[in-house]
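# Commentary on secondary and tertiary structure
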Amino acid sequence: MALEEWIRALAPLSPPPVAVRKLFARVFAYGAPDLAALRQVAQVPRAIRDHVLARGELPSLEVLERRRAPDGFVKYLFQSPAGGRFEAVRIPLFDRKYVVCVSSQVGCALACDFCSTGRLGFDRNLRTWEMVDQVLRIRAEADRPVTGVVFMGMGEPLLNPVEVLRAARILSHPAGLAISARAISLSTAGVVPAIHRYVAEGHPYRLIFSVTSAIPEKRGRVMPIEATHPFADLVGAVREYAAVRRERAMLAYVLIAGFNTGREDAEALARAFRGIPIKLDLIEVTDPSGRYRPPGADELARFRDELQVLQAPVARRYSGGKDILAACGTLAGTAVGGELIQA
Ligand code: SF4
């Protein structure tokens, strides 16, 4: 529960606001929390504490496996007592901090053709606690602070918005995990109505829009969502997002050799997003099935030259953890490579 839900739930007991905040903060404090720890929280009236202990539940995920890749990325495999296995990735940043890539669903219904999670199909939405606990488990074992979270693991976060946004509120609350809202991102394949709702509700977290091709027919070949939410509608939603937030919209572009790296692809991007402030992140595809390959150095260099027509910042984003199948689009519960690590 987010803090405002604690406040609503306890309102009939008229607790002092500071007592509710202290209980909430204890749940997310360092160290594996348990309900009994709430007994030690000072300045909380006994009736409030007893009420919470009698009705509260604090489930936790089991860590089935941790696997470290040579580049320092660590993939966690979790088992939930509510059923289902899913993964999260600890991403090292500048040898100083970590970002955690969390899953929002078990599997994914959107079936992007280049994505191992999509090939699993959809099982269920994760609950808020299952997302927050991915970060808590990883933070508890980390030797550096966790300063960012990306909802870019298994699943489409905007198809599970209530639970995801509640998790983001807890992660960013100063009495929660105190991760800056600006350092929390949700990556969407383009669920257009949910993007409009998100913008209207004014959430502070960043959205990342997965484009992969600005040629609708081509996009539709690898992203079935194109049939439900056409590219033109996605461009409209990106325009609105950038205008309302007065910031560059970040687009993610999965690079696939011989497919979306030609001049026509760069020109289509430029045409579609003319007049919209954007930033383009290039991510090389990682497909363990071998059906899709990343472009070679020459193909990539040529495409980057072509992208000058975009007149927008373009960056190549490192998608790490390939050796252990922790890179973007490869989370599917597969145990392979790297070094197994103990807690
Ligand atoms: S890329 Fe994202 S939206 Fe597409 S199938 Fe994979 S997890 Fe789902």
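Since the model is a prediction, treat every value here as computed from it, not as a measurement.

Regarding its fold elements, the chain presents eleven helices and 13 strands. A compact globule built from 343 residues should have a C-alpha radius of gyration of about 20 Å, and the chain, at 21 Å, falls within 12% of that. Along the longest, intermediate and shortest principal axes, the C-alpha atoms of the chain span 70 × 45 × 35 Å. For the chain, contacts bridging at least 24 residues in sequence account for 66% of all contacts bridging at least 6.

A word on the sheet that holds strand β1 (residues 62-68). Sheet strands associate in pairs through backbone hydrogen bonding, adopting either a parallel or an antiparallel arrangement. The strand order across the open sheet formed by eleven strands is β12-β11-β10-β9-β8-β7-β4-β3-β2-β1-β13, and the pairing between neighbours is mixed. Because the sheet does not close on itself, it has two edges, and the strands there are β12 (314-316) and β13 (339-340). Sheet analysis places strand β3 (residues 85-93) next to strand β4 (residues 97-101), joined by five bridges and oriented antiparallel. Considered in β4, the bridge of V89 is made with C101. The strands touched by helix α5 (residues 128-141) are β1, β2 (74-79), β3, β4 and β7 (146-151); relative to β3, the strand with the most contacts, the crossing angle is about 45 degrees.

Let's shift gears to the site of the ligand. Neighbouring the ligand are the residues C108, L110, A111, C112, C115, G118, G155 and A189. Considered class by class, the residues forming the shell around the ligand number six nonpolar, two polar and no charged.

Ranked by size, the top nonpolar core spans 112 residues in total, and within it F114, F151, L186 and F273 carry the most contacts. Among the elements that make up this core, the one with the highest residue count is helix α9 (residues 231-245) (seven residues). Among residues more than four places away in sequence, those in contact with F114 are R119, T212, V222, M223, V254, I256, V285, T286, D287, Y292 and G329.

Below, the discussion takes up the packing of α5 against helix α6 (residues 161-172). The interhelical angle for the contact between α5 and α6, taken along N-to-C directions, is 40 degrees, at an axis separation of 8 Å. On the basis of their axis angle, the class for α5 and α6 is oblique. The chirality of how α5 crosses α6 is right-handed. Residue-level inspection shows T128, M131, V132 and V135 of α5 in contact with α6, the latter providing E163, V164, R166, A167, I170 and L171. A per-class count over the contact of α5 with α6 returns seven nonpolar, one polar and two charged.

Now for the packing of helix α7 (residues 192-201) against α9. It is at 9 Å that the axes of α7 and α9 come closest, and there the two elements cross at 10 degrees. If you check the angle between α7 and α9, you find them roughly parallel. Along its contact with α7, which presents V192, I195, H196, Y198 and V199, the element α9 presents D233, L234, A237, E240, Y241, V244 and R245.

For the rest of this paragraph, the subject is unusual backbone geometry. A positive phi is found at A111, a non-glycine position, where the angle reads about 55 degrees. Along the chain, A111 turns up in the loop between β5 (105-107) and α4 (116-120). Look at R246: it is not a glycine, yet its phi comes out positive at around 50 degrees. Tracing the backbone shows R246 in the loop between α9 and β10 (249-255). For R246, a relative accessible area of 78% gives the class exposed.

With that out of the way, let us pick up the packing of aromatic side chains. Summed over the entire model, instances satisfying the criterion amount to eight aromatic pairs. Note on W6 and F24: the rings are 6.2 Å apart at their centroids and 85 degrees apart in plane angle, and the pair reads as edge-to-face. A residue pair is termed long-range when its members are at least 10 positions apart, and W6 in helix α1 (residues 3-10) and F24 in helix α2 (residues 17-27) qualify at 18 residues. Here F24 falls in the buried class, since its relative accessible area comes to 0%. Plain terms: the ring middles of Y76 and F78 are 5.8 Å apart, the flat faces sit at 15 degrees to each other, and that makes the pair stacked. Judged on exposure class, the residue Y76 and its partner F78 are both buried. A connected cluster of aromatic rings, assembled from ring pairs, spans W6, F24 and F28. Just above the ring of Y98 sits the side chain of R90; from NZ or CZ to the centre is 4.1 Å. For the cation-ring pair, K218 lies above F259, with the distance from its terminal atom to the ring centre recorded as 5.5 Å.

Quick notes on the rules
- Residues numbered from 1 in each chain as written.
- Predicted model: local features only at pLDDT ≥ 70, side-chain atom pairs only at ≥ 80, totals over all residues.
- Heavy atoms only, no water.
- Helix = DSSP H or I, 4+ residues; strand = E, 2+ residues; numbered from the N terminus.
- Rg over C-alpha atoms; globule rule 2.2 N^0.38 Å.
- Contact = heavy atoms within 4.5 Å.
- Pairing = 2+ DSSP bridges.
- Axes fitted to C-alpha atoms, helices over the stretch in contact; angles between N-to-C directions.
- Near = heavy atom within 4 Å.
- Nonpolar A, V, L, I, M, F, W, Y, C, P; charged D, E, K, R; others polar.
- Core = buried A, V, L, I, M, F, W, Y, C linked by side-chain atoms within 4.5 Å.
- Buried < 20%, exposed > 50% of the residue type's maximum accessible area, 1.4 Å probe, protein only.
- Parallel < 35°, antiparallel > 145°, perpendicular 65-115°, else oblique.
- Left-handed = near helix turned anticlockwise from the far one by under 90°.
- Phe/Tyr/Trp six-rings, centres within 6.5 Å; stacked < 30°, edge-to-face > 60°.
- Lys NZ or Arg CZ within 6 Å of the ring centre and 35° of its normal.

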